[in-house]
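Observations on the model geometry
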Amino acid sequence: MGLFDRIKRAFTGEDVVQTPVTEENKIVIDKFDKGMEKTRKSFSEKMNELFAGFREVDEEFFDDLEETLISADVGFDMTLALSDVLRDEVKMKNVRTGEQVKNVIIEKMVEIYEKGQTELPTIKVNENGPTVILFVGVNGVGKTTTIGKYAYQLKNQGNSVLLAAGDTFRAGAIEQLEVWGQRVGVPVVTSDAKSDPASVVYDALKQAKEENYDYLLIDTAGRLQNKVNLMKELEKINRIIAREIPGGATETLLVLDATTGQNALIQAKQFKETTNVTGLILTKLDGTAKGGVILAIRQELDIPVKFVGLGEGLDDLQAFDPEQYIYGLVKDLLEKK
C-alpha cells in the first residue's frame, strides 16, 4: 500500500490505519496529531465555512475556493493546481454535491503533494567518512535549538556527534550551541566571536576525520538581509567541506519557522538561490495555524521537508511523515463525512 493510500481509503469509509500500530508509532502519530491541531482547526474551519453556503460548482465557487486555500497558507501555485484538477474532475466524473467536491479537493491535494513518490524523506549518510550536515536559515527560526535536538537524537541512536559553531556573528550564538552541547553530551568546536566561520568549519572537519566521528553538524550565520555576504560565506564553507570531504556536505538543511507562514516560503526561495538546499526543517509547527505552508513549499520548490518541530521537548524534533501531516491536516473534514 502506497504512502497515502490509507488517507485515500478514508473516502470509502474504510479504516485509515490499516497496519498494526506499535507503541513507538503511536507516539509519533500522537505527536503529529497534537502538533497539527492549530493548523487542522484553522483549515477545517475555513473549508467548512466555504461549504456551508455551497450551492453548485460554478465560477463563483472556484473564486471562493481559491480565496479560502490562499488564506489557509496553501500557497498560490498549489491553489491554482487544485483548482485546475478540480475543474477537470467536475467535468469527467460529474462531481456535483458539496461532499463530493470536498472529497475530490482532499484527494487531489494528496496526489499533488505525493507527485508519484511513496518513500519517506530521509537523511543521507556518508558511508566513507563523517556525515556532514550544514544547517542554514535566518536568525530566530530555531536553527541552533534544532541542531541540539538532532544531535541528541543521533547520539541516542548510538552515533558519535560533533558540533561546529559556525555562526560567529550573532551575539550569543556560540554560547548557545555550547550550552546545547553540554546538555546533550556532545563536543562543540568553537572560535572567537566575529572570527572567520570557514576556519571553524575547517577545524571541525579536521577533528571529525581524525577522531572518526559519525556526524558533524555545522551551524551557520543567518544574515539573509545581506544576501551577497551570506552567499559568499556559504560558498567558502562549501568549498572547504568539498576539499576535505569527497562530494562535499552530505546534506544542507534549511531551517524555517512554520509560524511565519508565507514568509517561510519566501525565505526558502531566497536560500535556494544562494545554496544547494537538500531538505527543510519546519520548526514550531505545533504553535501555528499556518502549517499549510508545507504544501506551498512542496508545490513551488519541490524541496523535501525532512524534520518538523512538534514541541519544546528534546524528543519533539520528528522525522517528517507526509502521511501523518496530510491526514493531520484534513482529519476533521474526513470524519465529518
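Note that the structure is predicted; figures quoted are calculated from it, not measured.

Observations regarding the overall build of the protein chain
On a plain count of helices and strands, the protein chain comes out with 13 helices and eight strands. Buried positions account for 53% of the 337 residues belonging to the protein chain. Contacts in the protein chain between residues at least 24 apart in sequence constitute 77% of all its contacts with a sequence separation of at least 6.

Details of the pattern of salt bridges
Going through the model one piece at a time under the given rule, you end up with 16 salt bridges. Across the salt bridge formed by Asp-196 and Lys-236, the nearest N and O atoms sit 2.8 Å from each other. With Asp-196 in the loop between β3 (188-189) and α9 (197-210) and Lys-236 in helix α10 (residues 227-244), this residue pair connects regions lying 40 residues apart in the sequence. For Asp-196, a relative accessible area of 34% gives the class partly exposed. Here Lys-236 falls in the partly exposed class, since its relative accessible area comes to 34%.

Some thoughts on the packing of helix α3 (residues 37-52) against helix α6 (residues 98-114)
The geometry of a pair of packed helices is captured by two quantities: the angle between their axes and the separation between those axes. Interhelical geometry of α3 versus α6 gives an angle of 145° and a closest axis separation of 11 Å. For the pair α3 and α6, the sense of crossing is right-handed. Residues Phe-43, Met-47, Asn-48 and Phe-51 of α3 form the contact with α6, whose own contacting residues are Gly-98, Val-101, Lys-102, Ile-105 and Met-109.

A word on the sheet that holds strand β1 (residues 131-136)
The sheet built from eight strands is open, its strands ordered β3-β2-β4-β1-β5-β6-β7-β8 with mixed pairing. Two strands lie at the open edges of the sheet, namely β3 and β8 (317-319), each paired on one side alone. Lying on the sheet, helix α8 (residues 173-184) is in contact with β2 (161-165), β3 and β4 (215-219); it crosses β2 at an angle near 165°. Contacts between α9 and the sheet are confined to β1, β2, β3 and β4, with β2 contributing the most and set at about 165° to the helix.

As for the UniProt feature "domain: SRP54-type proteins GTP-binding" (unreviewed entry) in the protein chain
Look at the UniProt record and you will see "domain: SRP54-type proteins GTP-binding" (unreviewed entry) annotated at residues 304-317. Taken end to end, residues 304-317 is 0% helix and 43% strand, and its two terminal C-alpha atoms sit 16 Å from one another.

Describing the pairing of strand β6 (residues 279-283)
Two faces, one strand: in a regular strand the side chains alternate between the faces of the sheet. Judged by how many residues are buried, β6 sits mostly within the fold: five of five residues are covered. Side chains Gly-279, Ile-281 and Thr-283 of β6 all project onto a buried face; the interleaved residues Leu-280 and Leu-282 project onto the opposite face, where all are buried too. Relative to β6, strand β5 (residues 251-257) is paired through five bridges, and the arrangement is parallel. The residue of β6 that forms the bridge with Asp-257 is Thr-283. A crossover links β5 with its parallel partner β6, the connecting element being helix α11 (residues 262-274), and its sense is right-handed. Examined bridge by bridge, β6 and strand β7 (residues 305-309) share three bridges and lie parallel to one another. Looking at β7, one finds that Ile-281 is bridged to Phe-307. After leaving β6, the chain enters helix α12 (residues 293-301) and then returns to the sheet as β7, a path that is right-handed.

Considerations on a nonpolar patch on the surface
A surface patch of nonpolar side chains, about 270 Å² in accessible area, is lined by Ile-70, Phe-76 and Leu-80. As for its placement among the helices and strands, Phe-76 is situated in helix α5 (residues 76-93).

Side note on the environment of Glu-56
Among the structural elements, Glu-56 can be located in the loop between α3 and α4 (59-71). The partly exposed category is assigned to Glu-56, whose relative accessible area is 48%.

Focus on the packing of aromatic side chains
Overall, the coordinates contain six aromatic pairs when judged by the stated rule. Between the aromatic rings of Phe-54 and Phe-61, the centroid separation amounts to 5.4 Å while the plane-to-plane angle is 90°, which identifies the pairing as edge-to-face. Just as Phe-54 is buried, Phe-61 falls in that class too. Ring geometry for Phe-320 versus Tyr-325: centroids 5.6 Å apart, planes at 55°, classification tilted. Its relative accessible area of 0% is what places Tyr-325 among the buried residues. Put simply, the rings of Phe-51, Phe-54, Phe-61 and Phe-62 pair up and form one aromatic cluster. A cation sits over an aromatic face here: Arg-87 above Phe-62, 4.1 Å from the ring centre.

Calculation criteria
- Residues numbered from 1 in each chain as written.
- Predicted model: local features only at pLDDT ≥ 70, side-chain atom pairs only at ≥ 80, totals over all residues.
- Heavy atoms only, no water.
- Helix = DSSP H or I, 4+ residues; strand = E, 2+ residues; numbered from the N terminus.
- Buried < 20%, exposed > 50% of the residue type's maximum accessible area, 1.4 Å probe, protein only.
- Contact = heavy atoms within 4.5 Å.
- Salt bridge = Lys/Arg side-chain N within 4 Å of Asp/Glu carboxyl O.
- Axes fitted to C-alpha atoms, helices over the stretch in contact; angles between N-to-C directions.
- Left-handed = near helix turned anticlockwise from the far one by under 90°.
- Pairing = 2+ DSSP bridges.
- UniProt positions renumbered as here; feature names shortened; annotations may be inferred.
- Right-handed = clockwise from strand over helix to strand, strands pointing away.
- Patch = residues over 30% accessible without salt bridge, like charges linked within 9 Å, V, L, I, M, F, W, Y side chains within 5 Å.
- Areas by Shrake-Rupley, 256 points an atom, 1.4 Å probe, with all protein chains shown as cover.
- Phe/Tyr/Trp six-rings, centres within 6.5 Å; stacked < 30°, edge-to-face > 60°.
- Lys NZ or Arg CZ within 6 Å of the ring centre and 35° of its normal.

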